[in-house]
Amino acid sequence: MLLLAFICKQDERVRTVSAVEVRKLLTEAADMEAESQAATPSKGGSKARLVTFDDLDKRTKAAQQAIEFRDVLISERGGDDIGALRMAIIEDVACTSAMIRDAQVRWLRGEQISLSELATLLNCRRRDAEMIGIDPAPRDVTPSLSQYIAGKGQAA
């Protein structure tokens, strides 16, 4: 068996290892280097592009659920004429709700999920939902004066 000596970077000791171990160590080092480079943003002058709900691939079930729920929440709260911050929180609630549903269904199918992460998501959604109002805004069903008079004329 071929044995090689190399200096261990961590403690500066010389270790004797086989060629197989060296190949394994070199492969692991190359993998770590690739991961490190992928995580580091390039400085080539390109700007980061933020994505929004409108950029979602609407063919995925998760995107469909999040967009549908966002639209329902907006509608319940009076339509598109809501503030920017409230809109952002509504989108947060919709996205978090899709993540919660996914985790719950996976658990029901018998898959392992992180219960602490699920609890964190549930707590986050609850706090955000309180900020936008858990219940929809009550709608004014009081008839106008002309509707009231017209209704009285028909009732007589």
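Shown above is the structure to which this text applies.
Each value, and the rule that gives it
- Residues numbered from 1 in each chain as written.
- Predicted model: local features only at pLDDT ≥ 70, side-chain atom pairs only at ≥ 80, totals over all residues.
- Heavy atoms only, no water.
- Salt bridge = Lys/Arg side-chain N within 4 Å of Asp/Glu carboxyl O.
- Buried < 20%, exposed > 50% of the residue type's maximum accessible area, 1.4 Å probe, protein only.
- Helix = DSSP H or I, 4+ residues; strand = E, 2+ residues; numbered from the N terminus.

**Examining the pattern of salt bridges**
Part 1 of the argument: Taken as a whole and judged by the stated rule, the model has nine salt bridges.
Part 2 of the argument: Salt-bridge contacts for R70 lead to D71; the nearest nitrogen and oxygen are separated by 3.2 Å.
Part 3 of the argument: You can call R70 buried: its relative accessible area is 11%.
Part 4 of the argument: A residue is classified by how much of its surface remains accessible, and D71, at 37% relative accessible area, is partly exposed.
Part 5 of the argument: Note that R126 and E130 form a salt bridge whose closest N and O atoms lie 3.2 Å from each other. On the criterion of helical spacing, the pair formed by R126 and E130 is a turn pair, its members being four residues apart in helix α4 (residues 115–132).
Part 6 of the argument: The partly exposed category is assigned to R126, whose relative accessible area is 39%.
Part 7 of the argument: Classification of E130 as partly exposed rests on a relative accessible area of 47%.
Part 8 of the argument: Linked through salt bridges whose partners overlap, the residues forming this network are D102, R106, R109 and E111.

**Here we look at the side chain of R77**
Part 1 of the argument: Examined against the element boundaries, R77 turns out to sit in the loop between α2 (61–76) and α3 (84–108).
Part 2 of the argument: With a relative accessible area of 11%, R77 lands in the buried category.

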